[in-house]
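Listed below, chain by chain, are the residues.
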Amino acid sequence: ETGVTQTPRHLVMGMTNKKSLKCEQHLGHNAMYWYKQSAKKPLELMFVYNFKEQTENNSVPSRFSPECPNSSHLFLHLHTLQPEDSALYLCASSPTAGENTEAFFGQGTRLTVV
Amino acid sequence: AQSVTQPDIHITVSEGASLELRCNYSYGATPYLFWYVQSPGQGLQLLLKYFSGDTLVQGIKGFEAEFKRSQSSFNLRKPSVHWSDAAEYFCAVGPFSGGYNKLIFGAGTRLAVHP
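Quick caveat, the model's predicted, so the values are computed rather than measured.

Rules of the game
Residues numbered from 1 in each chain as written. Chains lettered and ligands numbered in written order. Predicted model: local features only at pLDDT ≥ 70, side-chain atom pairs only at ≥ 80, totals over all residues. Heavy atoms only, no water. Pairing = 2+ DSSP bridges. Helix = DSSP H or I, 4+ residues; strand = E, 2+ residues; numbered from the N terminus. Axes fitted to C-alpha atoms, helices over the stretch in contact; angles between N-to-C directions. Buried < 20%, exposed > 50% of the residue type's maximum accessible area, 1.4 Å probe, protein only. Salt bridge = Lys/Arg side-chain N within 4 Å of Asp/Glu carboxyl O. Contact = heavy atoms within 4.5 Å. Buried area = accessible area lost by both parts, 1.4 Å probe. Polar contact = N/O pair within 3.5 Å; in protein donor to acceptor, adjacent residues only side chain to side chain. Disulfide = S-S within 2.5 Å. Phe/Tyr/Trp six-rings, centres within 6.5 Å; stacked < 30°, edge-to-face > 60°.

Colleague: Quick one: what's the story with the sheet that holds strand E8 (residues 73-79) of chain A, residue by residue and with numbers?
Modeller: Residues and elements named next belong to chain A. With respect to topology, four strands assemble into an open sheet ordered E1-E3-E8-E7, the strand pairing being antiparallel. Of all the strands in the sheet, the pair left with one neighbour each is strand E1 (4-7) and strand E7 (64-70). On average, adjacent strands in this sheet sit at an angle of 20° to one another, irrespective of strand direction. Taken together, the four bridges between E1 and strand E3 (residues 18-25) define a ladder with antiparallel strand orientation. Note on E3: the bridge partner recorded for Val4 is Gln25.

The following block contains the structure:
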């Protein structure tokens, strides 16, 4: 248990659906991240939020829309996804005070687009 | 460009044998280096990290790693593998800028342990 909780753990959605992934941490961290883990590819950083402000968007398609209402919660809104978007989506958080920090990961949401 | 290479996609060892997982990185400055482990269906758990100082770092579950700047490597080792160590292992380099980590991961090494 890392203190980062993701829901749901599994999600199956059609290409025309709209769904949201949720991430929650109560570790007092101010930075939160979304990563995508596809089969046979390295983990890819998608978005970074620092103090609720988006600081990184690694050329992610607009069908993925992040939202960070406060430092404890992070959402990933999904709409009109493609089958190739099927993957494990991992949320992480880290402190921002000081440099000797590490990222704590949630257990992920396994997304299947049909 | 920053990158991490894990040359071995799959490794199989016998229980009780020693283990070394290789990691090479490309990074322009002194890197922050991490090893994470992922069990099936789970998220990533930090095994150990290197920021500065002693180049041999100890982690959880009996793992250690050695930072070798001259070789741009950060190999993970364990003297005696247990069946519960079967998992996927990821090396990552994490530039820390703007107050947060921007981890770049290798492709991972899947470890199988034979009884």
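So much for the structure itself; the text now carries on.
Colleague: Can you explain the pairing of strand E11 (residues 109-113) of chain A? Please cite residues and give values.
Modeller: All names here are of chain A. On E11, burial follows the alternation: Thr109, Leu111 and Val113 on one face are buried, whereas Arg110 and Thr112 on the facing-out side are not. Both strand E2 (residues 10-13) and E11 contribute to a ladder of four bridges, which runs parallel. Counterpart to Leu11 in the pairing with E11 is Leu111. Bridging between strand E9 (residues 87-94) and E11 involves three bridges; their strand directions are antiparallel. Paired with Leu88 across the strands is Arg110, a residue of E11.

Colleague: Go over the pattern of salt bridges with me, naming the residues and quoting the values.
Modeller: All names here are of chain A. Applying the stated criterion across every chain, the model contains 10 salt bridges over all chains. A salt bridge links Asp85 to Arg63; the nearest nitrogen and oxygen atoms lie 2.7 Å apart. Of this pair, Asp85 sits in the loop between E8 and E9 while Arg63 sits in the loop between strand E6 (53-57) and E7, placing them 22 residues apart in sequence. Owing to a relative accessible area of 2%, Asp85 belongs among the buried residues under this scheme.

Colleague: Can you break down the interface of chain B and chain A residue by residue, with the values?
Modeller: Facing the 22 residues of chain B at the interface are 27 residues of chain A. Summed over both sides, the interface of chain B with chain A buries roughly 2000 Å², with 50% coming from carbon and sulfur. Along the contact surface separating chain B from chain A lie two salt bridges. Note that B:Lys49 is salt-bridged to A:Glu102, the shortest N-O span being 2.4 Å. The tally of links between chain B and chain A comes to seven residue pairs in polar contact (both at pLDDT 80 or more). Of all the elements in the fold, those that place two or more residues in the side of chain B that touches chain A are strand E5 (33-38), strand E6 (44-50) and strand E12 (100-101) of chain B.

Colleague: Report on the pairing of strand E4 (residues 31-37) of chain A, specifying residues and quantitative values.
Modeller: Residue and element names in this part refer to chain A. Burial analysis of E4 places seven of its seven residues in the buried class, which makes it a mostly covered element. By the alternation rule, side chains of E4 split into Ala31, Tyr33, Tyr35 and Gln37 and Met32, Trp34 and Lys36, which are all buried. A loop of six residues connects E4 with strand E5 (residues 44-50), the two strands running antiparallel in sequence, and Lys40 in this loop sits at a positive phi of about 65°.

Colleague: Kindly report on the state of the cysteines, identifying the contributing residues and their values.
Modeller: Residues and elements named next belong to chain A. One pass over the full model with this rule turns up two disulfides over all chains. The partner cysteine of Cys23 in its disulfide is Cys91, sulfur to sulfur 1.9 Å. One quick way to see it: the torsion about the S-S bond of Cys23 and Cys91 is about -75°, and its sign makes the bridge left-handed. Within this pair, whereas Cys23 is found in strand E3, its partner Cys91 is found in strand E9, the two being separated by 68 residues in sequence. Here Cys23 and Cys91 have matching classes, each one buried.

Colleague: Requested: an account of the packing of aromatic side chains, with residues and values cited.
Modeller: Summed over all chains, the structure comprises 15 aromatic pairs over all chains. With a centroid separation of 5.8 Å and 35° between ring planes, the pair formed by A:Phe64 and A:Tyr89 is classed as tilted. Of this pair, A:Phe64 sits in strand E7 while A:Tyr89 sits in strand E9; the two residues are 25 residues apart in sequence, bridging distant segments of the chain. Ring pairing ties together the aromatic residues A:Tyr33, A:Tyr35, A:Phe105, B:Tyr32, B:Phe34, B:Tyr36, B:Phe51, B:Phe90 and B:Phe105, which thus form one cluster.

Purely geometric numbers; function is a separate question.
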